[in-house]
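Residues per chain, in single letters:
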Amino acid sequence: YGGMGLDFSYNIAVAEELGNIRCGGIPMAIGVQAGMTTPALTRFGSDELKKQFLVPTIAGDFVACLGISEAGAGSDVANIKTTAVKKGDEYVINGGKMWTTSGCQADWMCLLANTSEGPPHRNKSLICLPMNLPGIHVAKKIDKLGMRSSDTAQIFFEDVRVPSKNLIGEEGKGFTYQMLQFQEERLWGVATVLTPLETIIQETIDYTRQRKVFDQSVLHNQAVHFRLAELTTEVELLRSLLYRTVALYVEGNDVTKFASMAKLKAGRLAREVTDSCLQFWGGMGFTSEVLVSRFYRDLRLMSIGGGTDETMLSIICKYMETLPTK
């Protein structure tokens, strides 16, 4: 379908390299395209759907977005209210989506909607939804704290009709498909923060080395260079966890626990590194002129998007409960 046929480890290599971009919004937008909207379509979509949506998305001719979160259902995916009622050979969609990355410019959406009245984990389906259909209203571009170069939309659906053949895989399997997509999304997110964190630490070292306070460099203080050494160590530990998880995933293992651990650690470490380093920049760190202040805003999303820290902790706890007791 136009891709290179490489395994998932190459996605992570690309994600890590994209961390050299001096903002968080662009790597995130590319991640939505490459690892959040398309995995389920790639795995479970019909050949016809892949030709219609996957081929132009891989080529970069289509922008894709992911329609999961709603105003009342962020990390709680099972609680979404958007419906897709089957009428003849069509689904009629009503509801809305919130915090949709690239939603203002997207050509199509990978939409999660309730297609039956059954149990919440078995009544959802994924649908390829063209964004130019009547009844789709992009209400607004959301003004955000960070990731400001990436558009994020609030979208409403009013009696939107889409062919039933646009269903990805089997009806009622959408929640399961989305959970599989989440693992790749979370690992992509972890990979994109590694290089920025290293860059922030290095730029802080350079700045504190030349910045003089009380006739000596800020870096000369043991508290400062010890703290930067600690943070550097933490980043390397996160990289090791990521690489181990990706290797297991490529081998076909369930890495839900490790991916959740990596996502949790990445979100918390992003906050820790940016906050600590911004402090060492002093008043300059509170301006928009330095990279640390931008990543202080941009990387704050790591603890929220793709599942909050609290959600990651819940997942990890569930896996701990399955461990045999001694």
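Note that the coordinates shown come from a computational prediction; the quantities given were computed from them, not determined experimentally.

Section: the overall build of the protein
For the protein, the count of helices and strands is 9 helices and 10 strands. By principal-axis analysis of the C-alpha atoms, the protein measures approximately 80 × 55 × 40 Å. If you average the places of the 34 positive and of the 36 negative side-chain charges in the protein, the two averages end up 3 Å apart.

With respect to unusual backbone geometry
Of note, Trp99 is a non-glycine position whose phi angle comes to about 55°, a positive value. The topology assignment puts Trp99 in strand β3 (residues 90-101). Unlike most non-glycine residues, Asp215 shows phi in positive territory, near 65°. Mapping Asp215 onto the fold places it in the loop between β9 (212-213) and β10 (216-217).

A word on the side chain of Thr152
Along the polypeptide, Thr152 turns up in strand β7 (residues 152-163). When its relative accessible area of 4% is taken as the criterion, Thr152 is described as buried. Of note is the side chain of Thr152, whose polar atom sits 3.1 Å from the side chain of Lys144. Not counting residues within four places of it along the chain, the set of residues in contact with Thr152 comprises Trp99, Thr100, Thr101, Lys140, Lys141, Ile142 and Lys144.

Notes on the UniProt feature "domain: Acyl-CoA oxidase/dehydrogenase middle" (unreviewed entry) in the protein
When the UniProt feature table is mapped onto this chain, "domain: Acyl-CoA oxidase/dehydrogenase middle" (unreviewed entry) is found at residues 65-160. Secondary structure over residues 65-160 splits into 0% helix and 51% strand, and the C-alpha atoms at its two ends are 17 Å apart.

Side note on the environment of Val138
Locating Val138 in the fold gives a position in strand β6 (residues 136-141). Taking the relative accessible area as the measure of exposure, Val138 reaches 39% and is therefore partly exposed. Residues Val138 and Gly19, spaced 119 residues apart in sequence, show a C-alpha to C-alpha distance of 30 Å. Excluding residues within four positions of it along the chain, Val138 makes contact with Gly103, Cys104, Ala153, Gln154 and Ile155.

Some points on a nonpolar patch on the surface
Side chains of Tyr1, Val55 and Ile58 sit close together on the surface and give an oily, nonpolar patch of about 250 Å² of accessible area. Residue placement: Tyr1 occurs in the segment before α1 (8-18).

Here's the deal with the domain arrangement of the protein
Domain boundaries assigned for the protein yield domain 1 (8-171) and domain 2 (176-320). The interface of domain 1 with domain 2 comprises 41 residues on the first partner and 33 residues on the second. Together, the buried faces of domain 1 and domain 2 total about 3000 Å²; carbon and sulfur atoms form 64% of this surface. Summed over the three residues of domain 1 that lose the most area to domain 2, namely Phe8, Glu16 and Arg22, the buried surface amounts to 23% of that side.

Points about the UniProt feature "domain: Acyl-CoA dehydrogenase/oxidase N-terminal" (unreviewed entry) in the protein
Per the UniProt record, "domain: Acyl-CoA dehydrogenase/oxidase N-terminal" (unreviewed entry) is annotated on residues 1-61. As annotated, residues 1-61 comprises 69% helix and 0% strand, and the C-alpha atoms at either end are separated by 13 Å.

Considering the side chain of Glu184
Position of Glu184 relative to the elements: it lies in helix α5 (residues 174-210). The exposure class of Glu184 is buried, given its relative accessible area of 10%. Among the polar contacts made by the side chain of Glu184, one reaches the side chain of Arg43 at a distance of 2.7 Å. With residues near it in sequence (within four places) discarded, Glu184 still touches Phe8, Gly35, Pro39, Arg43 and Tyr249.

A word on the layout of surface pockets
Its boundaries defined by the atoms lining it, the second largest pocket holds a volume of some 870 Å³. Together, 25 residues line the second largest pocket, and Gly3, Met4, Asn11, Ala34 and Ile58 are the ones closest to its centre. Elements supplying a minimum of two residues to the lining of the second largest pocket: α1, α2 (25-36), α3 (39-44), α4 (47-59) and α5. Take the lining of the second largest pocket: its biggest share by element is 5 residues, from α1. Looking at the lining of the second largest pocket residue by residue, the classes come out as 13 nonpolar, 8 polar and 4 charged.

Section: the pattern of salt bridges
According to the stated counting rule, one finds 18 salt bridges in the structure shown. For Arg209, the salt bridge identified is with Asp206, shortest N-O distance 3.8 Å. With Arg209 and Asp206 both in helix α5 and 3 residues apart, this pair spans about one turn of that helix. Its relative accessible area of 48% is what places Arg209 among the partly exposed residues. Residue Asp206 is classed as partly exposed on the basis of its relative accessible area of 38%. The shortest N-O distance in the salt bridge between Glu234 and Lys265 comes to 2.7 Å. Of this pair, Glu234 sits in helix α6 (residues 222-250) while Lys265 sits in helix α7 (residues 256-280), placing them 31 residues apart in sequence. Here the salt bridges do not stand alone but share partners, grouping Glu16, Glu198, Glu236 and Arg239 into one network.

Calculation criteria
Residues numbered from 1 in each chain as written. Predicted model: local features only at pLDDT ≥ 70, side-chain atom pairs only at ≥ 80, totals over all residues. Heavy atoms only, no water. Helix = DSSP H or I, 4+ residues; strand = E, 2+ residues; numbered from the N terminus. Lys, Arg positive; Asp, Glu negative; His and termini not counted. Charge placed at Lys NZ, Arg CZ, Asp CG, Glu CD. Buried < 20%, exposed > 50% of the residue type's maximum accessible area, 1.4 Å probe, protein only. Polar contact = N/O pair within 3.5 Å; in protein donor to acceptor, adjacent residues only side chain to side chain. Contact = heavy atoms within 4.5 Å. UniProt positions renumbered as here; feature names shortened; annotations may be inferred. Patch = residues over 30% accessible without salt bridge, like charges linked within 9 Å, V, L, I, M, F, W, Y side chains within 5 Å. Areas by Shrake-Rupley, 256 points an atom, 1.4 Å probe, with all protein chains shown as cover. Salt bridge = Lys/Arg side-chain N within 4 Å of Asp/Glu carboxyl O. Domains from an automatic or database assignment. Buried area = accessible area lost by both parts, 1.4 Å probe. 1 Å grid on protein atoms, 1.4 Å probe; cavity = no way out; pocket = protein on both sides within 12 Å on 5 of 7 lines; lining within 4 Å. Points joined across faces, edges and corners; volume = space filled by probe spheres on them. Nonpolar A, V, L, I, M, F, W, Y, C, P; charged D, E, K, R; others polar.

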